[in-house]
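Breakdown of the fold
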Amino acid sequence: MPNEFVTNGTQFIFSQTSMTEAATYYPNGNLGSGKSIRVVTEREMIAPLEYAEYTAGTTVIVEIANDATLGVTSVNENKDLIDIVLVEGEVASRCLVNSVVQSDPGVFRLYCTA
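Note that this is a predicted model, so its numbers are computed, not measured.

Turning next to the nonpolar core. For soluble globular proteins, the rule of thumb is that nonpolar side chains tend to be buried together. Formed by 17 residues in total, the largest nonpolar core has its most connected members in Tyr25, Ile64, Ile82 and Ile84. For this core, the secondary-structure elements that each account for two or more residues are strand E1 (21-26), strand E2 (35-42), strand E3 (59-65), strand E4 (81-84), strand E5 (93-103) and strand E6 (107-113).

So, in structure tokens, the structure goes:
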């Protein structure tokens, strides 16, 4: 029963265009297999020491539905790519998915760099 609540909540949030934004996800970095999805992007300053090995470029935290239809069901760290808007009002940039910060049956929380 708890997973049903998580699944229903995830489906609700990631189907709302007012709460999410468009992105294109490329499993294993394969540019020929891009998937259009909705994501929640955190553009706040990230503690530099927490992810020091990845801080060479612009960094963001991206939340993606752990769902075959609304998001992805697996993440390949340091291989997957995602096109997301890094600065509101600008065009999307291609980012590398460096690591899974957190995951549960509903959401993957990813650390990404441009």
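And the narrative resumes.
Most of E6 sits out of view: six of its seven residues are buried. Relative to E6, E3 is paired through seven bridges, and the arrangement is antiparallel. What sits directly across from Glu63, in E6, is Arg109. Inspection of the sheet shows E5 paired to E6 by six bridges, in the antiparallel sense. In the strand pairing of E6, Val100 is matched with Leu110. Following E5, the chain reverses through three residues before pairing antiparallel with E6.

Positive phi, close to 55 degrees, is recorded for Asn28, a residue that is not glycine. For Asn28, the location among the structural elements is in the loop between E1 and E2. Of note, Asn78 is a non-glycine position whose phi angle comes to about 60 degrees, a positive value. Relative to the elements of secondary structure, Asn78 occurs in the loop between E3 and E4. For Asn78, a relative accessible area of 44% corresponds to the partly exposed category.

What counts, and at which threshold
- Residues numbered from 1 in each chain as written.
- Predicted model: local features only at pLDDT ≥ 70, side-chain atom pairs only at ≥ 80, totals over all residues.
- Heavy atoms only, no water.
- Core = buried A, V, L, I, M, F, W, Y, C linked by side-chain atoms within 4.5 Å.
- Buried < 20%, exposed > 50% of the residue type's maximum accessible area, 1.4 Å probe, protein only.
- Helix = DSSP H or I, 4+ residues; strand = E, 2+ residues; numbered from the N terminus.
- Pairing = 2+ DSSP bridges.

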